[in-house]
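What follows is the residue order along each chain.
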Amino acid sequence: MEGVSSLDEPLKKLLGGATAKVMAEHLDLHTVGDLLHHYPRRYEERGKLTALTDLPLDEHVTVVAQVADARILTFNNGRGKRLEVTLTDGSGRLQLVFFGHGVHKPHKELLPGRQAMFAGKVSVFNRKMQLAHPTYQLLDASDADEASEAVDAFAGRLLPIYPACKQLDSWRIAKAVDAVLPSARDAVDPLPASLREGRGFTPLPEALLKVHRPQTRADVEDAKARLKWDEAFVLQVALARRRYADTQLPAAARRRVADGLLDAFDAKLPFTLTEGQEKVSKEIFDDLATEHPMHRLLQGEVGSGKTMVALRAMLAVVDAGGQAAMLAPTEVLAQQHHRSITEMMGELAEGGMLGGSDRGTKVVLLTGSMGAAARRQALLDLVTGEAGIVIGTHALIEDKVRFHDLGLVVVDEQHRFGVEQRDALRSKGKQPPHLLVMTATPIPRTVAMTVFGDLETSVLDQLPAGRSPIASHVVPAKDKPHFLARAWERVAEEVENGHQAYVVCPRIGDDAEEAEGQGGKKAKAKKAAPEEDGEKRPPLAVLEIADELRRGALAGLTVEVLHGRMHPDEKDDVMRRFAAGDVDVLVATTVIEVGVNVPNATAMVIMDADRFGVSQLHQLRGRVGRGSAPGLCLLVSEAHEASPARARLSAVAATLDGFELSRIDLEQRREGDVLGQAQSGVRSSLRMLTVIDDEEVIAAAREEAVAIVAADPELERLPELRTVLAALLDKEREEYLDKG
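As a further point, take helix 22 (residues 568–580). Over its 13 residues, helix 22 extends 18 Å from the first C-alpha to the last, a length consistent with the 18 Å expected when each residue adds 1.5 Å. Here helix 22 has its buried residues at Pro568, Lys571, Asp572, Val574, Met575 and Phe578. Seen along its axis, helix 22 keeps its buried residues to an arc of 165°; they face one direction. Set apart from the buried face of helix 22 by more than 90 degrees, the exposed residues are Asp569 and Ala580. Each element contacted by the buried residues of helix 22 is listed here: helix 14 (331–345), strand 17 (500–504), strand 18 (559–562), strand 19 (585–588) and strand 20 (601–606). With its phi angle positive at about 90°, glycine 581 sits one or two positions after the end of helix 22.

Shown next, in the form of structure tokens:
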């Protein structure tokens, strides 16, 4: 196929080595095709200025603005020089600063009234927004050749602003795009002709031309509509093929048996299942009864009773003669699941033991830190089939672990669970086992369709009776220090009333972490100029905060620490004592984020809350209010009131609905990391599609994809679509989709 090759050309052939190297290293662009699919983030109109008031902090931005004034100031008794330039857009102002030897050229060029494009990182200094050492390109007529070249390059009225990096400004990327744009006519069109004509889409080469060099806003809309469809459609075809392939795999059907373990378990439940739990259980039992592997995602809010649904599925499989394995992301969580499952099952978890039920089975725990003897016994129980249920960390996947007949794998908190691991576990069954993936991170429907598109989805959205409301408040520690003092008083009051509290910090604060995390940065740190001192302090640390609290605000209370680098026995001991009520306040890292269940804990203070993501904050907050007393969550932050970080915290404080928060989270982060590193194959293929705004596109593309794959699973009649799919799903990406 002639056409494909010109888009596969390496960039260094057309652009020269230095530019190609920066593009590869910083923007992950390697071929002509990659650059053609690096679309502008937005478009500025020539002569129209960017709104300076709503620039995002800490982001690399490109703005078109006018110089209002410029002056050189000295400091250090005249030894240091800095140039301050004020930009205006008619409504807001933005300060630029240049230091040292870097002041002469901009001082000559950035004269009042001049218009230019500026690129740099937005920071706040002395409560003013500023760009330090920005790069710039003059846009108005001047004798500089470069400026007139810039004007010619963007002869159209719309200036494309590209996602850029510190090493390569938007306008340099635009120049590179000009060099590769002629290759757009070789682009292979993945859409079947009937679909393209039926929906009235622009041909692909024309869409690429319009997205990079639009003459009008209508051109941009036209191109976007087409390019979004391609992304959604190609991805949904890949996922539809995965699901189709899965239906071709064999699996042992595990049909529900009457009067077995499951019925005995249900009979002794002290409460009735919620309607949602009944409905989801039925979906799962129906899947388990078929002869190809179940692949189901179970989404449920923190505390919606997912573990109960998963346990009943495991019992049904044991009844049908198989074994079930539950995988947890951390040892603390595996131990906790083991504890709560054996407690829920009572004598049914003691099969073969004295006093155990004759219908019971063994429930074993398998983690990396177990003693050799206990481990040997657990392995033996698995291989003989004595243990029907095993709960563990990824230690379950080691080569040494053999099952008698693995029928079901339950993965808790999938997004922490690596790609290879899910596969390794699959190979442990005589045939592929059924798979149930659980997550407490609410995922909007479209993201589920995209990221977990190879799984069928079930949602538990009712909370069981008896969960209490949680009040959440933002504590602005910098602006109002007395609010923080009041927060500690509230914690002390909760403890006085017989309850317990968590304090969460982003960092541990031990030397090992310092050495790893700041690998020698301290030694190399150069002496900053006074203006550059706005360096963020390191995040607050567990060990330091625990010390401060013991000595100060919470003196006299039992304050203990919990973090990932403690010895597992030590962690377990602290968790047991906290669960037993012997510890008043637990100062921890996010190891408590998932699954820790202490109903008596009613308050949580999250330090440096702006350093956590929205869904993480929601997960953490779910640790309180698990009993009958109402919960309290205080989000402590030094973030500037107008910053996006504070807006995020206010959103979390305002709602307890995880699905609502996941939408807010997506809107704020856009797709940056929602598709996660492990989804890199998928993520790098989504450039135009925004999972949050394009629900209709994704749903429609999924429908078309399913129909096409059902009619022609190998896509024999659609060679162009096959070519494009092969490019998207080179081997590695196919595997990401497969296991992701």
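Let's pick the thread back up.
Another aspect to go through is the sheet that holds strand 12 (residues 387–392). In space, the seven strands of this open sheet follow the order 11-12-10-13-14-9-15, with parallel pairing throughout. The open sheet terminates on both sides in strands that have one partner only, identified here as strand 11 (362–366) and strand 15 (456–460). Taking the axes of each pair of neighbouring strands and ignoring which way they run, one obtains an average angle of 20° across the sheet. The sheet contact formed by strand 13 (residues 406–412) and strand 14 (residues 434–439) spans five bridges and is parallel. The residue of strand 14 that forms the bridge with valine 409 is leucine 435. Along the sheet face, helix 14 touches strand 10 (323–327), strand 11, strand 12 and strand 13 and points at about 170° away from the line of strand 11.

This part is about the pattern of salt bridges. Applying the stated criterion across every chain, the model contains 37 salt bridges. In this structure, aspartate 572 engages arginine 339 in a salt bridge whose closest nitrogen and oxygen atoms are separated by 3.7 Å. Of this pair, aspartate 572 sits in helix 22 while arginine 339 is found in helix 14, placing the two residues 233 residues apart along the sequence. For aspartate 572, a relative accessible area of 13% translates into the label buried. Residue arginine 577 is joined to aspartate 573 by a salt bridge in which the shortest nitrogen-to-oxygen separation is 3.3 Å. In this pair, arginine 577 and aspartate 573 are both assigned in helix 22, four residues apart and thus about one turn of the helix distant. By relative accessible area, which is 39% here, aspartate 573 ends up partly exposed. Where salt bridges share partners, they join Arg486, Glu489, Arg490, Glu493 and Glu494 into one cluster.

Parameters and conventions
Residues numbered from 1 in each chain as written. Predicted model: local features only at pLDDT ≥ 70, side-chain atom pairs only at ≥ 80, totals over all residues. Heavy atoms only, no water. Helix = DSSP H or I, 4+ residues; strand = E, 2+ residues; numbered from the N terminus. Expected span 1.5 Å × (residues − 1). Buried < 20%, exposed > 50% of the residue type's maximum accessible area, 1.4 Å probe, protein only. Arc of directions from axis to C-beta. Contact = heavy atoms within 4.5 Å. Pairing = 2+ DSSP bridges. Axes fitted to C-alpha atoms, helices over the stretch in contact; angles between N-to-C directions. Salt bridge = Lys/Arg side-chain N within 4 Å of Asp/Glu carboxyl O.

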